[in-house]
Amino acid sequence: MNYNSLIPELTVLDIKVTKDFYVNILGFKIEYERPENNFAFLSLEGNQIMFDQENGNWDVGVLEYPFGRGVNFEMTVSDVDKLYAKIIDKGVIPFQTIKESSYRSNDKYIVQKEFLVQDPDGYLLRFTD
């Protein structure tokens, strides 16, 4: 396995709930885990993310829902429409419904289809094509 140069590690309240959401709703794969540490490393099409259940080791302040306020994690997937349909079928209410967005990058525009969803701890996930 190749590791990305940047892999966020998110603190969660319940690692089992987190794994259920990411694996069974979003389709992530468990690459490895350390159950004794309430830790899991997951991936989806080259997107990598780590989770650890709140343990006080990395806390820099009080964790209050929604976690990750002020950040969203953009992840590119091969079929954003299919993933969107999957979450809708599973009863997940998107934070932002699927739409086409245009972002200026210097003198060019990047156009992408995207939707946003919050995970069980309130982290905001943006999936794009």
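Further up the page is the structure itself.
First, a word on what this report is: a plain description of the structure on this page.

About the thresholds
- Residues numbered from 1 in each chain as written.
- Predicted model: local features only at pLDDT ≥ 70, side-chain atom pairs only at ≥ 80, totals over all residues.
- Heavy atoms only, no water.
- Pairing = 2+ DSSP bridges.
- Helix = DSSP H or I, 4+ residues; strand = E, 2+ residues; numbered from the N terminus.
- Axes fitted to C-alpha atoms, helices over the stretch in contact; angles between N-to-C directions.
- Contact = heavy atoms within 4.5 Å.
- Buried < 20%, exposed > 50% of the residue type's maximum accessible area, 1.4 Å probe, protein only.

### Examining the sheet that holds strand β1 (residues 9-12)
No. 1: Taken in spatial order, the four strands of this open sheet run β1-β4-β3-β2, and their pairing is mixed. Pairing within the sheet leaves two strands with one partner each, and these edge strands are β1 and β2 (29-34). Ignoring which end each strand starts from, the neighbouring axes of this sheet average 25° apart.
No. 2: With four bridges connecting them, β1 and strand β4 (residues 47-53) associate as parallel partners. Residue pairing in the sheet places L10 in a bridge with F51 of β4.
No. 3: Across the sheet, helix α1 (residues 15-25) touches β1, β2, β3 (39-44) and β4, and the angle it forms with β4 is around 160°.

### Examining the pairing of β3
No. 1: Of all six residues in β3, six are buried, a share of seventy percent or more.
No. 2: Neither face of β3 is open: one carries F39, F41 and S43, the other A40, L42 and L44, and all of them are buried.
No. 3: Pairing of β2 with β3 involves five bridges; the strand directions are antiparallel. By the bridge assignment, R34 is partnered in β3 with F39.
No. 4: Linkage of β2 to β3, two consecutive antiparallel strands, is achieved through a turn of four residues, within which N38 is found at a positive phi near 55°.
No. 5: As paired elements, β3 and β4 share six bridges and run antiparallel to each other. Looking at β4, one finds that S43 is bridged to Q48.

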